Amino acid sequence: MAAPDIIAVEIRDMDFRVGRIIELDAPASASVGSWISYKDEWGMVIGPDRRHLRISDTPPDQFLDRAKFLKQSNYQLDGASRVVAVYRKSVPYSSGFYRGDTGATETGASFKHTFYLKLDQPLSEGKHTITWPEGVFPPTDFVFDTLQTRAIALRSTFVGHRPEDPSKIAYLALWLPEGPEHGAVDFRKYGIDTFSLIDETGLEVFTAPVSLRSQPDDPEPSNGLPQPLIDYAEGVPFPVTAIRPGAEPYIMAPGHELQTGQRVALQRLRGEQDAKAVFATIASTDADGFTLSDVSEPLPDVIEPGANVSLTYKSNRAGTFVFELDYSAWNNPGKYRLRLPGIGVSDTFEIADDRWMALARNGIGGLYNHRSGIPLDNRFGFERPEAFRPGPKLQILESNLPLVWTPNWYNGFVPFEEGSNASWVTTNVAPDDYWGGYMDAGDWDRRIQHLSVSDAFLELDEFLPANKRAKPLGIPKSSELLPGYESLDGAPDLLHEAVWNIDFYRRLQLPDGSVRGGIESTGHPLSGSTSFLEHLKIFTYAPDHISTYRYAASAARLARLLREAGQQDLSETYRQSALKAWDAAERGFENPDEFYARSIEAGTKAGAFSAISWEDRKAALQKDAEGPRIAAAASLFRLDNNPSFATLVETAWKKEGDVYFQKGDGAWDYHQSGHADPTLRDQIEKAFVREAGTLLSVQSSLAYPSMKHPYAPAGWGQGGPPDFGQTLLLFRAYQISGDVQIIRLLQQTMHGLHGANQLGISFTTGIGPRQIEHPLHEDHRAMGVAPPPGITIYGWAPQNASAYGWVFGPSWSPLAEVGRPDAVAQRKVEPDRFALPFFEYLIEHPAIVIQQEYTVDQTIGPVTFIALFLDAI
């Protein structure tokens, strides 16, 4: 049930029949990526030796007739026409790729359709029968029992709680697609003002009030979007035919009925592949058109056929009333459901001591399932052959392209694909020990940013009490995979997890101390191919001083913890490596021209400085190096108490006092060193607590609590999983202040990712009864198997940020919106993307990269860290 008088029904299109990978007896004559016929099936040639085929997925041969299910007169309930209105939301749940009729690779989607059947009165408890439109399905019997029937508007945690957790909160929220009041449902109109907690027997054990948290017109000033309230499209779009540019552009739309002051959305202005919307205010009107003001982004000089305009309204990210159900006072272990009178119950959740550790182990599995260079052995629910291990079948070349010159860094300016082009690549073959680390995400590169995971785990290992540190996480000991670590077998698993990643970058260190930023393929993965059948060229980045600083900080931190664990030899190995890295990075910081001489020469030949000179690029790099330099200096100071490192950190703190990311790492290591200047130590403590307070202070204005920083933009994970900036800020501030509000926010954020959100799903694979089904993880898609557990996707992002024209475009696009009526009828997201509230807009298709992508350091690592921390306190 969705409400006392609204039945919710989900109908799914048939799923794709998933293909598989087969090995041929001999290499195929066709090129990689070509489709060839194989035993009455089509297969794509994959692999470096062309000995494998990825058999095509098979799309459904028919899809739901959506229009047929929208007529209320087509339904009967208990033999009577009791359905007075029907509302529908259609979004993809699965996808596949296959050989199209032209021989090209195409992708498609299967949709899930949620129908909301509005009744003439509240539904009574007991047995009922639905008769479907035109007898498409046989009459369906169901029992409405408020002790058993799931209330889809109840948004509760899939993780559960520990008994002593200070925050046990669920939400009640329902948005009706194209419903009255812009779809917002106010449950107060049903007289729902209390909820109960029931145990496994159905016994009511706790009751409390339902409280209003947010109304749809409540502004969210910290939402990361341009305005506290968002423009949403509504109604039937009207065609526009021409534009006259100017200070107040004139749009020709004969027959329009728009009025001055109304807010509108304009779409398809640039043609069928323009999937964005432009929002503006009507400044004036005449019979043939209107002028615009307050335009959200520049308009084209010419409008293409198919352009349209529609009215908008303003609402917050929820787009509906959000109610809070607080049962924090209940702390008895057991399995429970929330119950609302007249609607039903939530999903079952458990209150038990192991709830956060269960989430943590799932995340550790996510990290393990992204290890490169070894076979994955199904210990965390996923198997995969060895990938990216140098040897006779795989060669890695050394490149003169540094990682920080590519878009894989903030100010990068050279496409990473050029790393193995003639201008950059050398003839030097990388050593055979260039393997290991974590694959980034859907692609398979390993980048120095992944050290954030290892750094955080080492910091957490210091915090954990002995009994928590001793808990096994299920990962292999370092000695099972890496030589020289036999003495470490008795160490905590978190230390082994950090060693796995840091040791990889130690092997990327050159004799002069400089460190390569990682290893990359010369393109994004080919759909249908796998990491263990990579056919693209592979190269290792040239050293850069920023990556070298990053490594120095991690190696020094590991050296210190190894020393404290009595591992003197291993500690000294990493200490010397860290000091060499520091010296090399300092040479790069003091004289970039000399440090990057080979890269500058290669870049000049490649034309990399034709738009912006090396001098200007160098200035930006030096600015980027400040944070990693401070972090490295502080980590080395904490290791050896060398005052020269302290001076650098103190000078930087007095200049800026930053507590985020690498500068925050430096401030914290200095603070924890035991040798910090007392005045600066006090300032650092106050800064961490103050910044955490800023994050806490905005929660009351949000529809749902979130660790997104109020100044951070929405998208690429902002608003979904927290990054390490916010995670470590709150972790450190809690150690200083002990503020329980920090723990509440951490718990609410984790619950929001795992069920207690407006979609009622888990953004992490392996957690909950409803999970994201196909994140952008290329191996599982190509292998035709379920995704590995432990992947947390970026999640919500603004509609315009994901307005990919090759996805939401013509008939050939996977989620077509214009072109052939039959294609649009089967593939269009409905209602219109720009009519969906922010928290309703999640498109489960791997082509929506900004939502379905993830990384080990931005999503999997922080979620795992928080779960381990919450388990420990």
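The numbering scheme is per chain: residues are counted from 1 as the chain's sequence reads. In view of the model being predicted, local features appear only for residues whose pLDDT reaches at least 70, and side-chain atom pairs are presented and counted only at 80 or more, with totals across whole chains, interfaces and linings using the full set of residues. The side-chain figures draw on all heavy atoms in the structure; neither hydrogens nor water molecules are used.

Visitor: Can you walk me through the overall build of the protein in this structure?
Guide: Within the protein one finds 18 helices and 32 strands. Computation of the radius of gyration draws on C-alpha atoms, with the globule rule given as 2.2 Å multiplied by the number of residues to the power 0.38. The C-alpha atoms of the protein give 28 Å as radius of gyration, which agrees with the globular expectation for 873 residues (29 Å, within 12%). For the protein, the spread of C-alpha atoms along the principal axes amounts to about 80 × 65 × 65 Å. To sort residues, take the accessible area from a 1.4 Å probe on protein chains only and compare it with the maximum for the residue type: under 20% means buried, over 50% means exposed, and anything in between is partly exposed. Expressed as a percentage of its 873 residues, the buried residues of the protein come to 61%. Numbered from the N terminus, helices here are DSSP runs of H or I no shorter than four residues, and strands are runs of E no shorter than two.

Visitor: What is the right way to look at unusual backbone geometry in this model?
Guide: Across residues other than glycine, the phi torsion is negative in most instances, and most of the peptide bonds are trans. Here the residue pair E830 and P831 is connected by a cis peptide bond, since its omega of -5° sits within 30 degrees of zero. Tracing the backbone through its elements, the reader meets P831 in the loop between helix 16 (821-827) and helix 17 (849-852). Although it is not a glycine, N378 sits at a positive phi angle of roughly 75°. Structurally, N378 can be placed in the loop between strand 26 (376-377) and strand 27 (383-384). With phi around 60°, F388 is a residue other than glycine that occupies positive phi space.

Visitor: Explain the nonpolar core here, please?
Guide: Nonpolar side chains in soluble globular proteins generally cluster together in the buried interior. One finds W405, Y551, Y574, L746, F808 and F865 to be the most contacted residues of the largest nonpolar core, which totals 180 residues. Two residues form a contact once any of their heavy atoms are found within 4.5 Å. With residues near it in sequence (within four places) discarded, Y551 still touches I448, L451, I502, Y505, R506, Q509, V515, Y574, S577 and A581. In terms of nonpolar packing, the next biggest core, distinct from the first, is built from 51 residues, I7, L77, A85 and W132 among them. To qualify as a nonpolar core, a set must consist of buried Ala, Val, Leu, Ile, Met, Phe, Trp, Tyr and Cys residues joined through side-chain atoms within 4.5 Å.

Visitor: So what exactly am I meant to see when it comes to the sheet that holds strand 4 (residues 41-46) here?
Guide: Across a sheet, paired strands are connected by hydrogen bonds in the backbone, their directions being either parallel or antiparallel. Strand order across the open sheet formed by four strands is 2-5-4-3, with antiparallel pairing between neighbours. Among the strands making up the open sheet, the edge pair consists of strand 2 (21-23) and strand 3 (35-38). Taken pair by pair, the neighbouring strands of this sheet meet at an average axis angle of 40°, ignoring direction. Whether two strands pair comes down to DSSP finding at least two bridges between them. Summarising the sheet, strand 2 and strand 5 (residues 52-55) pair through three bridges and their orientation is antiparallel. By the bridge assignment, I21 is partnered in strand 5 with R54. Axis definition: a line fitted to C-alpha atoms, limited for helices to the stretch in contact. Angles are taken between N-to-C directions and run from 0 to 180 degrees.

Visitor: Looking at this structure, I do not really get empty space enclosed by the protein. What am I missing?
Guide: Here the idea is plain: a probe the size of a water molecule rolls over the atoms and shows the empty space left. Residues are called lining when one of their atoms sits within 4 Å of a cavity or pocket point, these points coming from a 1 Å grid over the protein atoms alone, where a cavity is a set in which a 1.4 Å probe fits but cannot get out and a pocket is an open set with protein on both sides within 12 Å along at least five of seven lines. Grid points are joined across faces, edges and corners, and a volume is the space filled by probe spheres set on the points. One pass over the structure, following the stated rule, counts eight cavities of 30 Å³ or more. Around the second largest cavity, the lining residues are I630, V649, A652, W653, E656, G657, D658, K663, A667 and I684. Counting residues per element, the ones that place at least two in the lining of the second largest cavity are helix 10 (643-655) and helix 11 (661-672). Per-element tally for the lining of the second largest cavity: the top contributor is helix 10, with three residues. Within the lining of the second largest cavity, the residues separate by chemical class into six nonpolar, one polar and three charged. Here the term charged refers only to Asp, Glu, Lys and Arg, the term nonpolar to Ala, Val, Leu, Ile, Met, Phe, Trp, Tyr, Cys and Pro, and the term polar to all other amino acids, Gly among them.

Visitor: Before we go on, may I ask you to explain the packing of helix 12 (residues 678-697) against helix 14 (residues 740-753) in this structure?
Guide: A pair of packed helices is characterised by two quantities: the angle between their axes and the separation of those axes. Between helix 12 and helix 14, the shortest axis-to-axis distance is 11 Å and the interhelical angle comes to 55°. In terms of orientation, helix 12 and helix 14 fall into the oblique class. Relative to helix 14, helix 12 is oriented so that their crossing is left-handed. Of helix 14, the residues touching helix 12 (which contributes A692, L695 and L696) are Q741, I742 and L745. Its residues placed into classes, the contact of helix 12 with helix 14 shows five nonpolar, one polar and no charged. Roughly parallel here means an angle under 35 degrees, roughly antiparallel means over 145, roughly perpendicular means 65 to 115, and every remaining angle is called oblique. Crossing handedness is read from the near helix: turned anticlockwise from the far helix by less than a right angle, it gives a left-handed crossing, and turned clockwise, a right-handed one.

Visitor: So what exactly am I meant to see when it comes to helix 14 here?
Guide: Because the α-helix completes a turn every 3.6 residues, residues three or four places apart line up on one side. The first and last C-alpha atoms of helix 14 sit 20 Å apart over 14 residues, in line with the 20 Å expected at 1.5 Å per residue. Burial runs high along helix 14: 11 of the 14 residues are buried. Taken residue by residue, helix 14 has I742, I743, L745, L746, Q747, Q748, T749, M750, H751, G752 and L753 as its buried positions. Along its buried surface, helix 14 packs onto strand 12 (169-173), helix 1 (355-368), helix 12, helix 13 (724-737) and helix 18 (856-872). A side-chain oxygen of the first residue of helix 14 lies 2.9 Å from the backbone nitrogen of Q741; this N-cap is D739. Of the residues flanking the end of helix 14, it is G755, one or two places downstream, whose phi is positive at about 110°. Expected span of a helix, by definition, is 1.5 Å for each gap between consecutive residues, and there is one gap fewer than residues. Think of a polar contact as two N or O atoms within 3.5 Å of one another; within protein, one of them needs to be a possible hydrogen donor and the other a possible acceptor, and neighboring residues in sequence only count if both atoms come from side chains.

Visitor: Got a minute to help me understand the packing of helix 2 (residues 451-463) against helix 13 in this structure?
Guide: Orientation of helix 2 relative to helix 13, taken along the N-to-C sense of each, is 15°, at an axis distance of 12 Å. Classified by the interaxial angle, the pair formed by helix 2 and helix 13 is roughly parallel. As for how helix 2 packs across helix 13, the hand of that crossing is left-handed. On helix 13, the residues that touch S452, V453, A456, E459, L460 and F463 of helix 2 are F724, L728, F731, R732 and Q735. Residues belonging to the contact of helix 2 with helix 13 are distributed by class as follows: seven nonpolar, two polar and two charged.

Visitor: Hey, could you run me through the packing of aromatic side chains in this one?
Guide: Two aromatic rings, taken as a pair, are described by how far apart their centres are and by the angle between their planes. Two rings belonging to Phe, Tyr or Trp (six-membered ring only in the last case) form a pair when the distance between their centres is within 6.5 Å. Interplanar angles under 30 degrees mark stacking, angles over 60 mark edge-to-face geometry, and anything in between is tilted. Summed over all chains, the structure comprises 45 aromatic pairs. Cluster of aromatic residues (ring-pair linked, three or more members): W405, F413, W424, F595, Y596, F609 and W614. Any Lys NZ or Arg CZ found within 6 Å of a ring centre and within 35 degrees of that ring's normal is scored as a charge over the ring. Against the face of W435 rests R389, its NZ or CZ located 3.6 Å from the ring centre. Here the guanidinium or amino end of R507 rests over the ring plane of W435, the centre of that ring lying 4.8 Å away.

Visitor: Would you explain the sheet that holds strand 8 (residues 105-119) in this entry?
Guide: Taken together, three strands build an open sheet; the order of strands is 1-8-7 and the sheet is antiparallel. In this open sheet, the two strands that pair with only one neighbour each are strand 1 (6-12) and strand 7 (83-99). On average, each strand axis in the sheet is inclined to that of its neighbour by 15°, with strand direction left out of account.

Visitor: Whenever I open this one, the side chain of E520 confuses me. Can you help?
Guide: Position of E520 among the secondary structure elements: in strand 31 (residues 518-521). In this tally, Lys and Arg are treated as positive and Asp and Glu as negative; His is ignored, and so are the chain termini. One side-chain nitrogen of Lys or Arg within 4 Å of one carboxyl oxygen of Asp or Glu is enough to make a salt bridge. Buried charge E520 goes without a salt bridge, the closest partner of opposite sign being R447 at 5.4 Å. Once residues within four sequence positions are removed from consideration, E520 is found in contact with N408, F416, D445, K537, I538, F539 and Y541.

Visitor: Any chance you could explain the layout of surface pockets here in plain terms?
Guide: Its volume calculated, the second largest pocket comes out at about 710 Å³. Forming the boundary of the second largest pocket are 30 residues, of which E10, T114, R150, I152 and L759 lie nearest the centre. Listed by contribution, the elements that provide at least two residues to the lining of the second largest pocket are strand 1, strand 7, strand 8 and strand 10 (140-144). Classifying every residue of the lining of the second largest pocket gives 16 nonpolar, four polar and 10 charged.

Visitor: Just to check I follow, could you spell out the pattern of salt bridges for this structure?
Guide: With the rule as written, the count across this model stands at 57 salt bridges. Residues R12 and E773 are paired through a salt bridge, measuring 3.3 Å at the closest nitrogen-oxygen approach. You can see R12 sitting in strand 1 and its partner E773 sitting in the loop between helix 14 and helix 15 (778-783), a full 761 residues away along the chain. When the shortest N-O distance is used, the salt bridge between D682 and K686 registers 3.2 Å. Linking D682 with K686, this pair stays in helix 12, spanning four residues, or about one helical turn. The exposure class of D682 is partly exposed, given its relative accessible area of 35%.

Visitor: What is the right way to read the side chain of N362 from this model?
Guide: Looking at where N362 falls in the secondary structure, it is placed in helix 1. At 3.0 Å, the side chain of N362 and the backbone oxygen of T765 are in polar contact. Not counting residues within four places of it along the chain, the set of residues in contact with N362 comprises T764, T765, G766, I767, P789 and G790.

Visitor: Even after reading the chapter, I still don't get helix 2, so can you show me in this structure?
Guide: Taking 1.5 Å per residue, 13 residues should reach 18 Å; helix 2 reaches 19 Å between its end C-alpha atoms and fits that length. Among the residues making up helix 2, those that are buried are L451, S452, V453, S454, D455, A456, F457, L458, E459, L460 and D461.

Visitor: How do you make sense of the environment of L579 when you look at a structure like this?
Guide: Note that L579 resides in helix 6 (residues 568-590). The class of L579 is partly exposed, set by a relative accessible area of 22%. For L579 and E23, which are 556 residues apart along the polypeptide, the C-alpha to C-alpha distance reads 48 Å.

Visitor: Could you clarify how one ought to interpret the environment of S423 in this entry?
Guide: Looking at where S423 falls in the secondary structure, it is placed in the loop between strand 28 (396-402) and strand 29 (425-429). Classification of S423 by relative accessible area gives partly exposed; the value is 32%. The spatial distance from the C-alpha of S423 to the C-alpha of A602 is 5.6 Å, given a sequence separation of 179 residues. Beyond its immediate chain neighbours, meaning those up to four positions away, S423 contacts A602 and A606.

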